[in-house]
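# Fold and geometry: a report
One-letter residues, chain by chain:
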Amino acid sequence: APESGGGDGEGPTHRAIRPLSESVCGKVRGSVVTPSLASAVVELVLNSLDAGSSRIQVHIDLASFFLEVRDNGAGMGPDDLYCCALPGHTSKPRGGWGPGADGGAAATYGFRGEALASLSHFCTLEIASRPRGDPSQAFSKVVSDGRSAPIARAPERREVGTTVTCRNLFFNRPVVRKVLQGAPEQRELCAVASALRPLALVNPSACLSVHGSSAGASCPLSTARHPSVRHAFAALLPQTRAHAPAPPESTEARRGAMRVSLLLASPLEPARSRETQLLFVNGRPCARCAVSERVEEAYARALSSARFRDA
Ligand code: ADP
Ligand code: MG
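The paragraphs below set out a description of the structure included in this document. (Residues numbered from 1 in each chain as written. Chains lettered and ligands numbered in written order. Predicted model: local features only at pLDDT ≥ 70, side-chain atom pairs only at ≥ 80, totals over all residues. Heavy atoms only, no water.)

As a further point, take the overall build of the protein chain. Within the protein chain, the regular secondary structure consists of eight helices and 15 strands. Counting only residues that meet the buried cut, the protein chain has 46% of its 311 residues in that class. In the protein chain, the share of contacts with a sequence separation of at least 24, taken over all contacts with a separation of at least 6, comes to 64%. Total accessible area on the protein chain stands at roughly 15,600 Å², and carbon and sulfur atoms take up 56% of it. (Helix = DSSP H or I, 4+ residues; strand = E, 2+ residues; numbered from the N terminus. Buried < 20%, exposed > 50% of the residue type's maximum accessible area, 1.4 Å probe, protein only. Contact = heavy atoms within 4.5 Å. Areas by Shrake-Rupley, 256 points an atom, 1.4 Å probe, with all protein chains shown as cover.)

In structure tokens:
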């Protein structure tokens, strides 16, 4: 993930949104986008992180199928706002890791220009933004069912950054809606928080929060700015004392544009769970893969020898 500059004039170099060529588009196309609340939130938060945001607020109102992600990142001017949410349009380094890649893709989460376009088929999407450095340019646009309305001046006086609002979420996915409607809000908020927690850990300089609508729903995630991943790990997982297995450098392996990092609570910690064994590839949390399985095996071995020592 990029270094976070916050809404204070620093941050990633601005790159205009441009279409990917058809051949690159075909190579980097993602698997079928599963419409779920957590995956929608994660994609929007990844965009906010890519924009160098230091504050990201997620608001969810399940009863009215409403989701909003507000950030203080680099924002977009009217030209970029016009292009964003068009399929295959991205401001990020081209082409991932495959042929035709320009090698910079590892620095950002996004590179396909797919998330907003695909989300716009599941809700009415409103994107409001003000770019850094130009207070007069606050614009918004509404995209519904993949079709964009003309961009307009943002109705509110807004700060630098971007707000993406999803209304009438999953209007055309009755099964997804039914599951959401039947679920207690707190449980859904916690699922979203669990999906975001590893991202918050690996981006310690961003403050991330998730809020629900009902008075009873408590905020399941609210992170402060931390100087390092280790500090974030300790704060987010208070049951651990945040031991990495060795100094942080040795928990990271690099080959070319690939960076694999590992974050583990010591096997001697009293509270251990999957949440304390985290694997990231280029800053992207990696749920279950061959590498994470090897890590779990090694962890289990370390655990049993620790138990043996303790006995
Ligand atoms: P990708 O992230 O792969 O580029 P997306 O559909 O997620 O594709 O986003 C399209 C483009 O819209 C991004 O490349 C970026 O330029 C712009 N964008 C999206 N969200 C934000 C945001 N929160 N802040 C600034 N720019 C954004
Ligand atoms: Mg994206």
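From this point, the discussion proceeds with the structure in view.
With that settled, the discussion passes to the environment of histidine 231. Here histidine 231 lies in helix 7 (residues 229-236). Spatially, the C-alpha atoms of histidine 231 and leucine 201 are 8.8 Å apart, while their sequence positions differ by 30 residues. Within the structure, histidine 231 has its side chain in polar contact with the side chain of serine 228 (distance 2.7 Å). (Polar contact = N/O pair within 3.5 Å; in protein donor to acceptor, adjacent residues only side chain to side chain.)

Two modes of strand pairing occur in sheets, parallel and antiparallel, and in both the strands are linked by backbone hydrogen bonds. Taken together, the four strands give an open sheet; going across it, the order is 12-13-14-15, and neighbouring strands pair in antiparallel fashion. Each edge of the sheet is formed by a strand with only one pairing partner; in this case those strands are strand 12 (252-255) and strand 15 (284-285). Packing against the sheet, helix 6 (residues 185-202) makes contact with strand 13 (258-264), strand 14 (277-281) and strand 15, and its axis sits at approximately 70 degrees to strand 14. (Pairing = 2+ DSSP bridges. Axes fitted to C-alpha atoms, helices over the stretch in contact; angles between N-to-C directions.)

Sheet analysis places strand 5 (residues 124-130) next to strand 6 (residues 139-144), joined by six bridges and oriented antiparallel. Bridging from a neighbouring strand, serine 129 pairs with phenylalanine 139 of strand 6. Bridge count for strand 6 against strand 8 (residues 152-153) is two bridges, and the pairing is antiparallel. Within strand 8, the residue paired with serine 140 across the bridge is alanine 152. Bridge count between strand 6 and strand 7 (residues 147-148): two bridges; the pairing is antiparallel. Paired with serine 144 across the bridge in strand 7 is arginine 147. Count of turn residues in the strand 6/strand 7 antiparallel hairpin: two residues, of which aspartate 145 carries a positive phi of about 50 degrees.

On to the site of ligand 1. Taken together, 19 residues form the shell around ligand 1, and within it Asn47, Thr90, Ser91, Lys92 and Gly113 come nearest. In this structure, an oxygen atom belonging to ligand 1 sits 2.8 Å away from a side-chain N or O atom of asparagine 47. Here an oxygen atom of ligand 1 and a backbone polar atom of leucine 116 are 2.9 Å apart. Taking 530 Å² as the accessible area of ligand 1 by itself, protein coverage stands at 94%. Those elements that place two or more of their residues in the shell around ligand 1 are helix 2 (37-50), strand 4 (89-90) and helix 4 (115-119). Its residues assigned to classes, the shell around ligand 1 shows seven nonpolar, eight polar and four charged. (Near = heavy atom within 4 Å. Nonpolar A, V, L, I, M, F, W, Y, C, P; charged D, E, K, R; others polar.)

In contact at an axis separation of 9 Å, helix 2 and helix 6 are set at 35 degrees when each is read in the N-to-C sense. The chirality of how helix 2 crosses helix 6 is right-handed. Contacts between helix 2 and helix 6 pair Leu37, Ala38, Val41, Val42, Val45, Leu46 and Leu49 from the former with Glu188, Val192, Ala195, Leu196 and Leu199 from the latter. Partitioned by chemical class, the residues of the contact of helix 2 with helix 6 number eleven nonpolar, no polar and one charged. (Left-handed = near helix turned anticlockwise from the far one by under 90°.)

Further remarks concern the pattern of salt bridges. Tallying each qualifying case throughout the model produces four salt bridges. Here lysine 92 ties to aspartate 50 by a salt bridge, and the two come within 2.9 Å at their closest N and O atoms. Here the residue lysine 92 occupies a position in the loop between strand 4 and helix 4, and aspartate 50 occupies one in helix 2, the gap between them amounting to 42 residues. You'll find lysine 92 and aspartate 50 in the same group, each marked buried. Across the salt bridge formed by glutamate 126 and arginine 167, the nearest N and O atoms sit 2.9 Å from each other. Pair noted here: glutamate 126 is in strand 5 and arginine 167 is in strand 9 (residues 161-167), with a separation of 41 residues, a long-range link. Owing to a relative accessible area of 37%, arginine 167 belongs among the partly exposed residues under this scheme. (Salt bridge = Lys/Arg side-chain N within 4 Å of Asp/Glu carboxyl O.)

Moving on, we get to the environment of leucine 263. Mapped onto the fold, leucine 263 is located in strand 13. Look at leucine 263 and you get buried, because its relative accessible area is 9%. Separated by 30 residues in the primary sequence, leucine 263 and phenylalanine 233 place their C-alpha atoms 8.5 Å from one another. Contact partners of leucine 263, with chain neighbours within four places excluded, come to Leu201, Val229, Phe233, Thr276, Gln277, Leu278 and Phe280.

Residues in a regular strand project their side chains so that they alternate between the two faces of the sheet. In strand 2 (residues 55-61), alternate side chains face the same way, and those of Ile56, Val58 and Ile60 are buried while those of Arg55, Gln57, His59 and Asp61 on the opposite face are not. As defined by bridge partners, strand 2 adjoins strand 10 (residues 207-211) across five bridges and the pair is classed as parallel. From the neighbouring strand, arginine 55 faces strand 10, where its bridge partner is cysteine 207. Pairing of strand 2 with strand 3 (residues 66-71) involves six bridges; the strand directions are antiparallel. Paired with histidine 59 across the bridge in strand 3 is glutamate 68. Hairpin connection of strand 2 to strand 3: four residues between the antiparallel strands, including phenylalanine 65 at a positive phi of 50 degrees.

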